[in-house]
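Analysis of the macromolecular model
One-letter residues, chain by chain:
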Amino acid sequence: MNKRIVLHASEIATPTGTKARVGKEMSRIKTIKDGAIVIEDGMIVAVDTSDAIMSRFDLNQYTLTDASGKSVVPGFIDSHTHFIFGGFRPDEFLMRLSGKSYMEIMKAGGGIENTVQATRADTFESLYSSGRQRLNGMVRLGITTVEGKSGYGLDMETELRMLRVMKQLNADHPVDVVSTYLGAHAIPREFKTDHQAYIQFMMEKVIPKIAQEHLADFCDVFCEDGVFSINESRQLLNKAKKYGLLLKIHADEIESMGGAELAAEVGTVSADHLLEASEAGIRSLAEKGIVATLLPATAFCLNKPFAGARKMIDAGCAVALGSDFNPGSCFTYSVPLIFALAGIHMQMSSEETLTAFTLNGAAALKRSDTIGTIESGKRADLVLLSCPSYKYLIYHTAMNCVHTVIKNGQDAF
């Protein structure tokens, strides 16, 4: 049995519970000064003050980690990324800075289509190697669980290759990888004149194969004007649900078109982006308990107004934060940047941002019963910060405070 005790943390800070925190509950953080965490076989068995732990447990039976001067928070959970892809798009990023819109670039043959061509040409080994390097970078920033989407193949062969790469990375790398099928990321060139034929292809050919091989936990769709309509998104998501896939949706990112309302209708686990979500849509998310996953780095990179986090939290939503790391609109998975943007530009408190990137991120992946908090019975996914309080995550602006990452009780960084 692997046994470990983290002792003398200046502060342990964590949300608590096994489901998403909503509204004002997002501000409820449990803190323990001079805290200690007992870990056995990768699981947390006790959390208390160091004095209490030392009086209850025989320290000679454990490997000891001195966390003096450091605060400890749950491992960060990035519940929205596109981290498997081929090629890069720096020229398009600079085009946007010169005034071209995201949709203008897409209509000119750029955007996702560029990455599709590069990814189709990439091998399993190349995608695996680049994906592993990105996971190595993520864990150094405190990420212990990450969601990854397909969607840069838009055919059978490449979509399955991307999902198989993620499955292998999940087996090989300390960071847990949760896979999502996003064939409905764009209309591929082969189906430009017949959207419905592509939707039928996904529903009749690709989704059954993914379900048969257990290659994805979720199915996602880019529900947006010029991409997939409300009706098309509904059709695809309902079919995916019949095959046992959980649901996500890219909703109301560029235009307000009822994506949040559709999320409530079909029962997605999360609705993501939501920069243009209507008040009715926000209410529907709160009423149905759907996690609102906000991606501030994308708004920042696109130079767009940020999603209304304050409005959503005040309406009783559960808000999560993610990076949306991808080669086009958001080429970053910087956790420090996300905390800074959420705190400074989205008016989220230190407590709300911590909850959003831990427990609520876990809920957006249907894993809040096992990860996302520092409590007995949860997996020992911890981040030791080289500062005395979790408040430094915003205060030490856009700087990496991570000292040590513990994943399943073992050092991952």
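Below you will find a few notes about this structure. (Residues numbered from 1 in each chain as written. Predicted model: local features only at pLDDT ≥ 70, side-chain atom pairs only at ≥ 80, totals over all residues. Heavy atoms only, no water.)

Contact geometry for helix α7 (residues 195–213) and helix α8 (residues 230–242): axes closest at 10 Å, N-to-C directions at 10°. It follows that α7 is roughly parallel to α8 by the angle criterion. Counting all contacts with α7, which are made through H195, Q196, I199, Q200, M202, M203 and I207, the residues of α8 involved are E232, Q235, L236, K239 and A240. Class assignment for the residues of the contact of α7 with α8 results in six nonpolar, four polar and two charged. (Axes fitted to C-alpha atoms, helices over the stretch in contact; angles between N-to-C directions. Helix = DSSP H or I, 4+ residues; strand = E, 2+ residues; numbered from the N terminus. Parallel < 35°, antiparallel > 145°, perpendicular 65-115°, else oblique. Contact = heavy atoms within 4.5 Å. Nonpolar A, V, L, I, M, F, W, Y, C, P; charged D, E, K, R; others polar.)

Take the sheet that holds strand β6 (residues 76–78) next. A sheet is described by the order of its strands in space; here eight strands give the open sequence β6-β7-β8-β9-β10-β11-β12-β13, paired in parallel fashion. Since the sheet does not close on itself, it has two edges, and those belong to β6 and β13 (319–321), each with one partner. Looking at each pair of strands side by side, their axes are set apart by 25° on average, direction ignored. Taken together, the five bridges between strand β7 (residues 143–149) and strand β8 (residues 176–184) define a ladder with parallel strand orientation. Bridge assignment links K149 to a residue of β8, and that residue is T180. The sheet strands contacting helix α9 (residues 259–266) are β9 (218–223), β10 (246–251) and β11 (270–273), and the helix crosses β10 at an angle near 170°. (Pairing = 2+ DSSP bridges.)

With that settled, consider helix α5 (residues 124–140). Under the 1.5 Å per step criterion, the end-to-end length of α5 is 25 Å for 17 residues, consistent within 8% with the ideal 24 Å. All of the buried residues along α5 are L127, Y128, S130, G131, R134, L135, G137, M138 and V139. On its buried side, α5 packs onto α4 (112–121), β7, α6 (156–172), β8 and β15 (402–407). Positive phi shows up at G142, right after α5, with a value of about 100°. (Expected span 1.5 Å × (residues − 1). Buried < 20%, exposed > 50% of the residue type's maximum accessible area, 1.4 Å probe, protein only.)

Bringing the pairing of β15 into the picture now. Across the six residues that make up β15, a large majority, five, are buried. With four bridges connecting them, strand β14 (residues 382–385) and β15 associate as antiparallel partners. Bridge pairing in β15 places V383 opposite V405. Here β15 runs beside strand β16 (residues 410–411); their pairing, made up of two bridges, is antiparallel. The residue bridging K407 from the neighbouring strand is Q410, located in β16. Counting the residues between successive antiparallel strands, the hairpin from β15 to β16 contains two residues, one of them, N408, with a positive phi of roughly 50°.

Formed by 105 residues in total, the largest nonpolar core has its most connected members in F76, F83, L274 and M348. Setting aside anything within four residues of it in sequence, one finds F83 in contact with G131, R134, L135, M138, V146, E147, G148, M166, L169, V177 and F325. I39, I44, A67 and L384 belong to the second largest nonpolar core, which has 15 residues in total. (Core = buried A, V, L, I, M, F, W, Y, C linked by side-chain atoms within 4.5 Å.)

This part covers the pairing of strand β1 (residues 3–14). Counting buried positions over the 12 residues of β1 gives nine, a clear majority of the element. Looking at chain direction, β1 and strand β2 (residues 30–40) are connected through nine bridges and run antiparallel. Residue pairing across strands places A9 opposite G35, the latter belonging to β2. Relative to strand β4 (residues 63–66), β1 is paired through four bridges, and the arrangement is parallel.

A side chain with one charge may pair with a side chain of the opposite charge, provided their charged atoms come close. Going through the model one piece at a time under the given rule, you end up with 19 salt bridges. The partner of R379 in a salt bridge is D176, and the shortest N-O contact between them spans 2.0 Å. Here D176 lies in strand β8 and R379 lies in the loop between α15 (359–363) and β14, a separation of 203 residues in the sequence. Residue D381 pairs with K407 through a salt bridge whose shortest N-O separation is 2.6 Å. (Salt bridge = Lys/Arg side-chain N within 4 Å of Asp/Glu carboxyl O.)

Two numbers describe how α5 lies on α6: the axes approach to 10 Å, and their chain directions differ by 50°. It follows that α5 is oblique to α6 by the angle criterion. Once α5 is placed against α6, the crossing between them reads as right-handed. In contact with F124, L127, Y128, G131, R132 and L135 of α5, α6 contributes R161, R164, V165, Q168, L169 and D172. Considering only residue class, the contact of α5 with α6 consists of six nonpolar, two polar and four charged. (Left-handed = near helix turned anticlockwise from the far one by under 90°.)

Along the polypeptide, D272 turns up in strand β11. By relative accessible area, which is 0% here, D272 ends up buried. Separated by 19 residues in sequence, D272 and V291 place their C-alpha atoms 8.3 Å apart. In this structure, D272 is in contact with S79, H80, I249, H250, A251 and T293, ignoring residues within four places of it in sequence. Polar contacts involving the side chain of D272 include one to the side chain of S270, which spans 2.8 Å. (Polar contact = N/O pair within 3.5 Å; in protein donor to acceptor, adjacent residues only side chain to side chain.)

For the rest of this paragraph, the subject is unusual backbone geometry. The phi dihedral of D252 falls on the positive side, at around 50°, and the residue is not glycine. As for its position among the elements, D252 is in the loop between β10 and α9. Not every positive phi belongs to a glycine, and N408 is a case in point at roughly 50°. Within the element layout of this structure, N408 appears in the loop between β15 and β16. You can call N408 partly exposed: its relative accessible area is 30%.

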